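Observations on chain architecture
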Amino acid sequence: MAITFICPQRDTTPWVKALNALDPQLDIRVWPHDHPKQAIELALTWAHPPGVLREYPNLSCICSMGAGIDHLLADPLLPDPSLPGNPEIVRLVDRELIRSMSEYLLLAVLYHFRQFDVYQTRKQHKDWHPLLPPEKEACTIGIMGMGQLGGAAAITLSAAGFNVCGWRNSPEKKQGIPSFHGRDQLDDFLSLSRILICLLPLTQKTRHILNLDTFSKLPPNAYLINVGRGGHLKEPDLLTALDAGHLSGACLDVFQTEPLPADHPFWQHPKIMVTPHISSQTDPISVAPQILENLARLRTGKPLLNRVNIKKEY
Ligand code: GLV
């Protein structure tokens, strides 16, 4: 039996190396190179071509190569794991992914909070004018999405001395971080969030949740950090809110279209920081043991790690 990668936009070399370093006998194939489809039991995927996963008669597990599964759900022909005989779907939950997301968010928050964004602009005019030091008490950070990544970021930011609150689907507290939940409590959460971080999974309920109405409920001069998915943000609404002066800026790592097209207005906008979807990149060496563990579980009929609920869309 064998495993395959199906990820047309990614370089699989470091993944194959990391897996073979732990299991030199493992038969690893890479789509679309010729491979015996009936021998494939596990597929590692990222943005696979729709329908292709149905071509493997003995596929028992589909594993997202990241934390998100929206790229899988974009396939209308994705086999439904709740139906008997269909492959299970798992994602990667990894300490390194969690750590690097917290690190990115701490940097993005401090860059704005310590006014580096302003000084970077002033530098172009050789403008030497210290601003008043910012006040942490007046700068609550609101995190939308308090799963593994959001919960860890909340702890990191609160250890850095910020007031942090979270907003999530269900009423669950994360290690003393005040938490709001559901649509009913969204406005209260937003009214506190001077810096708003989006780390939600992209679902039908959360698509375009970052819109003009949402922005209007934030305190004046609020700052947006989007590390969820491009589909969370109504991109023209961000430009409107920035140009109206209601938002002071935004740091974006994810976009409706990636790579961000060369003529996109975000590239030129002085108040928007752009990074190319790097807030938290899967490290093949770090996740290889988890992939092999799931393969072993698959072969011995044990429950798999990090199964996803496609009804919930995460
Ligand atoms: C990255 O975006 C991921 O889902 O891991």
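Residues numbered from 1 in each chain as written. Predicted model: local features only at pLDDT ≥ 70, side-chain atom pairs only at ≥ 80, totals over all residues. Heavy atoms only, no water.

1. What to know about the overall build of the protein
Counting secondary structure elements, the protein contains ten helices and twelve strands. The C-alpha atoms of the protein give a radius of gyration of 21 Å, which matches the 20 Å a tight globule of 314 residues would have. For the protein, the C-alpha atoms occupy an extent of roughly 65 × 45 × 35 Å along the three principal directions. Put simply, the protein has 314 residues, and 47% of those count as buried. Pairs at least 24 residues apart make up 64% of the contacts formed inside the protein by residues separated by at least 6 positions. (Helix = DSSP H or I, 4+ residues; strand = E, 2+ residues; numbered from the N terminus. Rg over C-alpha atoms; globule rule 2.2 N^0.38 Å. Buried < 20%, exposed > 50% of the residue type's maximum accessible area, 1.4 Å probe, protein only. Contact = heavy atoms within 4.5 Å.)

2. A few points about the site of the ligand
Every residue near the ligand is listed here: W46, G66, A67, G68, R229 and H277. In this structure, an oxygen atom belonging to the ligand sits 2.8 Å away from a side-chain N or O atom of R229. Within the complex, 88% of the 190 Å² of free accessible area of the ligand lies under protein. (Near = heavy atom within 4 Å. Polar contact = N/O pair within 3.5 Å; in protein donor to acceptor, adjacent residues only side chain to side chain. Areas by Shrake-Rupley, 256 points an atom, 1.4 Å probe, with all protein chains shown as cover.)

3. Considerations on the sheet that holds strand 1 (residues 2–6)
The parallel open sheet is built from five strands, whose spatial order is 2-1-3-4-5. Two strands bound the open sheet, and with one partner strand each, they are strand 2 (28–30) and strand 5 (88–90). Averaged over all pairs of adjacent strands, the angle between strand axes in this sheet comes to 20 degrees, irrespective of strand direction. Strands strand 1, strand 3 (40–45), strand 4 (61–64) and strand 5 of the sheet are contacted by helix 10 (residues 284–300), whose axis makes an angle of about 150 degrees with strand 3. (Pairing = 2+ DSSP bridges. Axes fitted to C-alpha atoms, helices over the stretch in contact; angles between N-to-C directions.)

4. Remarks on the sheet that holds strand 6 (residues 141–144)
With respect to topology, seven strands assemble into an open sheet ordered 8-7-6-9-10-11-12, the strand pairing being parallel. Edge positions in the sheet fall to strand 8 (179–181) and strand 12 (272–274), since each of these pairs with one other strand and no more. Adjacent strand axes in the sheet meet at a mean angle of 15 degrees when their direction is disregarded. Where strand 7 (residues 164–168) and strand 8 come together, three bridges link them in parallel fashion. If you follow R168 over to strand 8, its bridge partner there is H181.

5. Some details on the packing of aromatic side chains
Following the criterion strictly, the structure yields six aromatic pairs and no others. These aromatic residues form a ring-pair network of at least three members: W167, F180 and F189. The residue whose ring lies beneath K136 is F162, and the NZ or CZ to ring-centre distance is 4.9 Å. (Phe/Tyr/Trp six-rings, centres within 6.5 Å; stacked < 30°, edge-to-face > 60°. Lys NZ or Arg CZ within 6 Å of the ring centre and 35° of its normal.)

6. As for the environment of L192
Mapping L192 onto the fold places it in helix 6 (residues 186–192). Distance from L192 to Q124, taken between C-alpha atoms, is 33 Å for residues 68 residues apart in sequence.

7. Considerations on the domain arrangement of the protein
Here the domain parsing of the protein yields domain 1 (2–94 + 282–300) and domain 2 (95–274). With centres defined by C-alpha atoms, the gap from domain 1 to domain 2 works out at 32 Å. Taken together, the contacts link eleven residues of domain 1 with seven residues of domain 2. Interface area, domain 1 with domain 2, both sides summed: about 720 Å², of which 57% is carbon and sulfur. Connecting domain 1 to domain 2 are one salt bridge. A salt bridge links R229 to D70, with the shortest nitrogen-to-oxygen separation between them at 2.9 Å. (Domains from an automatic or database assignment. Buried area = accessible area lost by both parts, 1.4 Å probe. Salt bridge = Lys/Arg side-chain N within 4 Å of Asp/Glu carboxyl O.)

8. Side note on the pairing of strand 9 (residues 195–198)
A two-sided burial pattern is seen for strand 9, the buried positions comprising I195 and I197 on one face and L196 and C198 on the other. As defined by bridge partners, strand 6 adjoins strand 9 across four bridges and the pair is classed as parallel. Looking at strand 9, one finds that I143 is bridged to I197. Sheet topology note: the strand 9/strand 10 (residues 222–226) ladder contains four bridges and is parallel. Note that in strand 10 the partner of I197 across the bridge is I225.

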